[in-house]
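The primary structure of each chain is shown beneath.
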Amino acid sequence: MTELNVTENKGKLYGLGIGPGDPELLTLKAHRILTSVPVIAYPTMESGKVLARAIVADFIRPEQIEIPMPLPFSVERSSQPYYDIAAENIAQHLADGRDVAVLCEGDPMLYGSFMYIFNRLAHRFDTEVVPGISSTLASAAMLGVPLTYRNDVLSIMPATLDENTLRDRLAVADAAIIIKLGRHYAKVRSILEELGLYSRALYIERATMPNQVIRSITEVDPAEVPYWALILIPSQTNPQ
Ligand SMILES: C[S@@+](CC[C@H](N)C(=O)[O-])C[C@H]1O[C@@H](n2cnc3c(N)ncnc32)[C@H](O)[C@@H]1O
């Protein structure tokens, strides 16, 4: 009697990059998987805001099972138990043979919440990651600025870094993108002033979304900066 190979009956885990906000920036592959899997999981903020789902809301069918994954969007709060719970919810569906697509805003492997699910489940279940257009790169397109030329080095850094580290990293960057701005905006602004980067820095929030905002750094109210905002400092090189 042949033994049943249990892995054959397990579902497949997908990490789906769904782009920065404009649904038309979804890849054909992400669209195909999104519309064919029986289960979709996505992060939700503690405030109840759900960005990833909103991006692809028009493509989700009523018969698809949805798993909201509540996550704390704050470095002060340990997110480990939240990911443990989300991963186990997802694992249950996979173990029962249902494919699960985890939606991830931008690209899943660049500061994506999917990475924490990947680290917990990829060794247990067949897993495929579908790259997405990152907000960092989409922002350069929306701002209409070339980001890096030739030997330029691009640094992507979170505004959540402490002041000294942020200053040191920015001081040596040819081009930089500072993400996770939110309430760290004032700190970032004063470092940019100190380093003489103020005039080169460009601010964008909700890039590619209908409510996208591009503002001069001087006009940004630090109290109003959302989580979905970044500062981009393009290369100074300007070859013809
Ligand atoms: C946890 S990171 C996720 C990055 C994502 N995986 C990507 O590839 O774009 C979240 C940060 O990305 C930036 N971000 C994401 N989407 C954005 C958008 N549409 N416009 C501007 N910034 C965005 C914000 O700085 C936000 O705090």
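This one's a predicted model, so the numbers in the text were calculated from it and none came from an experiment. (Residues numbered from 1 in each chain as written. Predicted model: local features only at pLDDT ≥ 70, side-chain atom pairs only at ≥ 80, totals over all residues.)

## Concerning the sheet that holds strand S2 (residues 39–45)
Pairing in this open sheet of five strands is parallel, and the strands run S3-S2-S4-S1-S5 from one edge to the other. Two strands in the sheet have a free side with no partner beyond their single neighbour: strand S3 (65–71) and strand S5 (127–130). Shown here is a sheet whose adjacent strand axes are inclined to one another by a mean of 20 degrees, direction ignored. By the bridge criterion, five bridges tie strand S1 (residues 13–17) to strand S4 (residues 100–104) in an arrangement that is parallel. Paired with Leu16 across the strands is Leu103, a residue of S4. Together, S1, S4 and S5 form the strand contacts of helix H1 (residues 28–36), whose direction differs from that of S1 by roughly 135 degrees. Across the sheet, helix H3 (residues 80–95) lies against S1, S2, S3 and S4, angled at about 165 degrees from S3, the strand it touches most. (Pairing = 2+ DSSP bridges. Helix = DSSP H or I, 4+ residues; strand = E, 2+ residues; numbered from the N terminus. Axes fitted to C-alpha atoms, helices over the stretch in contact; angles between N-to-C directions. Contact = placed C-beta atoms within 7 Å.)

## Here we look at the environment of Asn238
Secondary-structure assignment places Asn238 in the segment after strand S10 (229–233). Assessed through the 8 C-beta atoms surrounding it within 10 Å, Asn238 is described here as exposed. Each C-alpha atom, one on Asn238 and one on Tyr149, is 7.8 Å from the other, the two residues being 89 residues apart in sequence. (Buried ≥ 20, exposed ≤ 12 C-beta atoms within 10 Å, placed from the backbone.)

## Structural notes on the site of the ligand
Taken together, 25 residues surround the ligand, and among them Gly106, Ser134, Ser135, Ile179 and Ala207 come closest. Every element with two or more residues in the shell around the ligand is listed here: helix H5 (135–143), strand S8 (202–205) and S10. The element that contributes the greatest number of residues to the shell around the ligand is H5, accounting for three residues. Residue composition of the shell around the ligand, by class: twelve nonpolar, eight polar and five charged. Mapped onto the domain boundaries, the shell around the ligand takes at least three residues apiece from domain 1 (6–130) and domain 2 (135–233). (Near = placed C-beta within 6 Å. Nonpolar A, V, L, I, M, F, W, Y, C, P; charged D, E, K, R; others polar. Domains from an automatic or database assignment.)

## Thoughts on the packing of H3 against helix H4 (residues 114–121)
Between H3 and H4, the least distance of the axes is 10 Å, while the angle of their chain directions is 60 degrees. Handedness of the crossing formed by H3 with H4: right-handed. The segment H3 lies against H4, with Tyr83, Ala86, Ala87, Ile90 and Ala91 engaging Tyr116, Ile117, Arg120 and Leu121. When grouped by side-chain class, the residues that make up the contact of H3 with H4 number eight nonpolar, no polar and one charged. (Left-handed = near helix turned anticlockwise from the far one by under 90°.)

## Some remarks on the environment of Arg53
With respect to the element layout, Arg53 can be found in helix H2 (residues 51–56). With eleven residues separating them in the primary sequence, Arg53 and Tyr42 have C-alpha atoms 6.5 Å apart. When residues no more than four places from it in sequence are discounted, the contact partners of Arg53 are Tyr42 and Leu103.

## Some thoughts on the pairing of strand S6 (residues 154–158)
The pairing of S6 with strand S7 (residues 175–179) spans five bridges and is parallel. Note on S7: the bridge partner recorded for Ser155 is Ala176. Where the polypeptide runs from S6 across helix H6 (residues 163–171) and back to S7, its parallel neighbour, the crossover connection is right-handed. (Right-handed = clockwise from strand over helix to strand, strands pointing away.)

## Some details on the domain arrangement of the protein
Considered domain by domain, the protein is made up of domain 1 (6–130) and domain 2 (135–233). When each unit is reduced to the centre of its C-alpha atoms, the spacing between domain 1 and domain 2 is 27 Å. Opposite the nine residues of domain 1 that make contact, domain 2 presents ten residues. Within the side of domain 1 that touches domain 2, the residues separate by chemical class into six nonpolar, two polar and one charged.

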